[in-house]
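# Structural characterization, general
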Amino acid sequence: MSVERTLILVKPDGVQRGLVGAVLGRIEQRGLKLVGLKMVQMDDALASRHYEAHVEKPFFEGLKAFMTSSPLVAAVFEGPNAVQAARNVMGATDPVEAAGGTIRGDLGLDIGRNLVHGSDSPEAGERETAIFFEPHELIAWARDSERWIIE
Ligand code: IDP
Ligand code: MG
């Protein structure tokens, strides 16, 4: 069991639709521990850095325009297998394909408005966390409910 960090973004559509609490709440309720949180206005440079694997993709210009169009909320969650756990809560990239019970499957309709980002590997979790948060902005705190969530 590896303790990982994942960077979660409530994308601009989630913020505009008033779904920040709903999106983060589902990940929080899964049992992952919140260790960092802020609101961010993404710019082109940040979009290119965050989505470095996608800058050559045909959808990148649209993605960049969307992600910079309005503020987003960035959060870091920590826990055993945090990356996969969060991805499972998020659902498939295309909301039409995402299972019911997932964030995208319940709240989204369009791949270009899929509400939430989550890191896709532990390495990406570390890399992306460092893009959005200074080390001192990540809080190491003892959660009193820990033993009721993780054996
Ligand atoms: P992920 O967010 O599930 O990890 P990625 O393949 O990493 O999915 O793509 C990053 C983001 O780029 C997606 O969440 C979505 O917002 C956007 N995206 C991916 N593929 C397409 C597409 O075919 N059309 C429009 N947007 C796309
Ligand atoms: Mg991805």
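Anyway, here's the lowdown on the structure attached to this text. Predicted model, so just to flag it, every value in this text is computed and none were measured. (Residues numbered from 1 in each chain as written. Chains lettered and ligands numbered in written order. Predicted model: local features only at pLDDT ≥ 70, side-chain atom pairs only at ≥ 80, totals over all residues. Heavy atoms only, no water.)

## So, the overall build of the protein
A tally of helices and strands in the protein yields seven helices and four strands. Order of helices (α) and strands (β) in the protein, N terminus to C terminus: β-α-α-β-α-α-β-α-α-β-α. Taken over the C-alpha trace, the protein has a radius of gyration of 15 Å; the compact-globule value for 151 residues is 15 Å, and the two agree within 12%. Along the three orthogonal principal directions, the C-alpha set of the protein runs to about 45 × 35 × 25 Å. With 151 residues in all, the protein has 48% of them scored as buried. Sequence separation of 24 or more characterises 77% of the internal contacts of the protein that already satisfy a separation of 6 or more. Accessible surface, the protein as shown: approximately 8,000 Å² in total, 53% of it carbon and sulfur. Across the protein, the mean location of the 16 positive side-chain charges is 3 Å away from that of the 22 negative side-chain charges. (Helix = DSSP H or I, 4+ residues; strand = E, 2+ residues; numbered from the N terminus. Rg over C-alpha atoms; globule rule 2.2 N^0.38 Å. Buried < 20%, exposed > 50% of the residue type's maximum accessible area, 1.4 Å probe, protein only. Contact = heavy atoms within 4.5 Å. Areas by Shrake-Rupley, 256 points an atom, 1.4 Å probe, with all protein chains shown as cover. Lys, Arg positive; Asp, Glu negative; His and termini not counted. Charge placed at Lys NZ, Arg CZ, Asp CG, Glu CD.)

## With respect to the site of ligand 1
The environment of ligand 1 is made up of Lys-11, Tyr-51, His-54, Phe-59, Leu-63, Arg-87, Thr-93, Arg-104, Ile-111 and Asn-114. Within the side chain of Arg-87, one N or O atom sits 2.8 Å away from an oxygen atom of ligand 1. A distance of 2.5 Å is found between an oxygen atom of ligand 1 and a side-chain nitrogen or oxygen belonging to Thr-93. Split into classes, the residues belonging to the shell around ligand 1 amount to four nonpolar, three polar and three charged. (Near = heavy atom within 4 Å. Polar contact = N/O pair within 3.5 Å; in protein donor to acceptor, adjacent residues only side chain to side chain. Nonpolar A, V, L, I, M, F, W, Y, C, P; charged D, E, K, R; others polar.)

## Digging into the layout of surface pockets
Put simply, the largest pocket is a space of about 570 Å³. Tyr-51, His-54, Phe-59, Leu-63 and Thr-93 are, among the 25 residues lining the largest pocket, the residues nearest its centre. Classifying every residue of the lining of the largest pocket by side-chain character gives nine nonpolar, eight polar and eight charged. (1 Å grid on protein atoms, 1.4 Å probe; cavity = no way out; pocket = protein on both sides within 12 Å on 5 of 7 lines; lining within 4 Å. Points joined across faces, edges and corners; volume = space filled by probe spheres on them.)

## Notes on the sheet that holds strand E3 (residues 72-80)
The four strands lie next to each other as E2-E3-E1-E4, forming an open sheet whose pairing is antiparallel. Only two strands of the sheet have a single partner each, and these edge strands are strand E2 (33-40) and strand E4 (116-118). For this sheet, the mean inter-axis angle between neighbouring strands, taken without regard to orientation, is 20°. Of the strands in this sheet, strand E1 (3-10), E3 and E4 are in contact with helix H5 (residues 82-90), which crosses E1 at around 35°. (Pairing = 2+ DSSP bridges. Axes fitted to C-alpha atoms, helices over the stretch in contact; angles between N-to-C directions.)

## Digging into the packing of aromatic side chains
Overall, the coordinates contain zero aromatic pairs when judged by the stated rule. It is Lys-38 that lies over the ring of Phe-133; its NZ or CZ is 4.8 Å from the centre. (Phe/Tyr/Trp six-rings, centres within 6.5 Å; stacked < 30°, edge-to-face > 60°. Lys NZ or Arg CZ within 6 Å of the ring centre and 35° of its normal.)

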